[in-house]
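# Architecture and fold: a report
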Amino acid sequence: MLEERLLSIDDLGYTCDDIYHSMGYKDTVPEDGILALIDEIHGAIRQCCRPRYVCQILDARQISKQEIEIGGEKFMPGGIICSYLEGMTEACLFVATAGEEYNGYLAELKSQGDIVRDYIADSIGSVIADSCAAAVGKELGKSSQLFHTLPYSPGYCGWNIAEQRRLFSFFPDAPCGVRLSESCLMTPEKSVSGFYGLGAELVPQPYRCEICNNKKCYKRKR
């Protein structure tokens, strides 16, 4: 059964440190001028942004070290992701987004030609989209008796982004207003799709970036 949820910024629970990290500051704090801009832009985003997600839980199993089956459809997330899925019996597919409202605000900033404000807003949008996807996991923790993994998305860890089409086939057209391009990129751009693995015997594990060969991943830990 599909579950759709509209969230507020306060529901997402991210911190200022998450925003700083998204901007590239890692363990440091921006200078006062940038902090003031972050406060200003975040305040504007709070007024307009309507993050949301849609998800559904389906039977799932691991077929091999490279392949899984969800709802009768086969996916090839590859060896890195499959290494986290031993004991999976169900999967929660999801699409989450910062929303069209945020996209409109970002387009307005871009039209003004202020690259600093544009960059800050773009970074906050990434945090919002990721936090919206994380909200699916938090809800699973409340509603399911099964253990669950972290979220995994097409395009990461060697998973072919073209499998977005298969994932989206489980949802109505434009779930939460999110559309796929011919190249399988999502619009609004601050959107995330993927799945959580669930199972009574599944052992939750953190991301292990050291075994990933994608040196350009923006989430990579050094």
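Read on for a plain summary of the structure. None of the values given here were measured: they were computed from a predicted structure.

Turning next to helix α6 (residues 115–143). With 29 residues, α6 extends 42 Å from end C-alpha to end C-alpha; this agrees with the ideal 42 Å at 1.5 Å per step. Its side-chain oxygen 3.2 Å from the backbone nitrogen of Val116, Asp114 forms the N-cap of α6.

Right, let's get into the packing of aromatic side chains. With the rule as written, the count across this model stands at six aromatic pairs. Here the aromatic rings of Trp159 and Phe195 are separated by 5.7 Å at their centres, their planes lie at 80°, and the arrangement is edge-to-face. With Trp159 in the loop between β6 (147–148) and α7 (164–168) and Phe195 in strand β9 (residues 191–199), the pair connects residues that are 36 residues apart, well separated along the chain. The class of Phe195 is buried, set by a relative accessible area of 0%. Within the aromatic cluster, the residues linked to one another by ring pairs are Phe75, Tyr84, Tyr152, Trp159, Phe170 and Phe195.

Before going further, it helps to examine the pattern of salt bridges. Within the structure shown, the criterion is met by 11 salt bridges. Of the charged contacts, one joins Glu40 and Arg117 as a salt bridge, the two residues approaching to 3.1 Å between their closest N and O atoms. Taken together, the residues Glu40 in helix α3 (residues 32–48) and Arg117 in helix α6 connect sequence positions 77 residues apart. With a relative accessible area of 23%, Arg117 lands in the partly exposed category. Linked through salt bridges whose partners overlap, the residues forming this network are Glu40, Asp114 and Arg117.

Note that the residue after Thr187, namely Pro188, is joined by a cis bond; omega there is 0°. Within the secondary structure layout, Pro188 lies in the loop between β8 (186–187) and β9. Notably, Lys26 is not glycine yet its phi reads approximately 55°, a positive angle. Examined against the element boundaries, Lys26 turns out to sit in the loop between α2 (16–22) and α3. In this model, Cys176 sits at a positive phi of 55°, which is unusual for a non-glycine residue. Within the secondary structure, Cys176 sits in the loop between α7 and β7 (179–180).

Definitions and limits used
Within every chain, residues take consecutive numbers counted from 1 along the sequence as written. Reporting in this predicted model follows two pLDDT cut-offs: at least 70 for local features of residues, and 80 or more for side-chain atom pairs to be given and counted; totals over whole chains, interfaces and linings ignore these cut-offs and use all residues. Only hydrogens and water are removed before side-chain values are computed, so all heavy atoms of the structure are retained for them. Runs of H or I in DSSP of at least four residues are treated as helices and runs of E of at least two as strands, each being numbered from the N terminus. Helix span, expected: 1.5 Å multiplied by one less than the number of residues in the helix. Two N or O atoms count as a polar contact when they lie within 3.5 Å, although within protein this holds only if one can serve as hydrogen donor and the other as acceptor, and sequence-adjacent residues are included solely when both atoms are side-chain atoms. To pair, rings of Phe, Tyr and Trp, with the six-membered ring standing in for Trp, must have centres within 6.5 Å; the planes then decide the type, stacked if under 30 degrees apart, edge-to-face if over 60, and tilted in the middle. We call a residue buried when its accessible area falls under 20% of the maximum for its residue type, exposed when it is over 50%, and partly exposed in between, using a 1.4 Å probe and counting protein chains only. Salt-bridge detection follows one rule: a side-chain nitrogen of Lys or Arg within 4 Å of a carboxyl oxygen of Asp or Glu.

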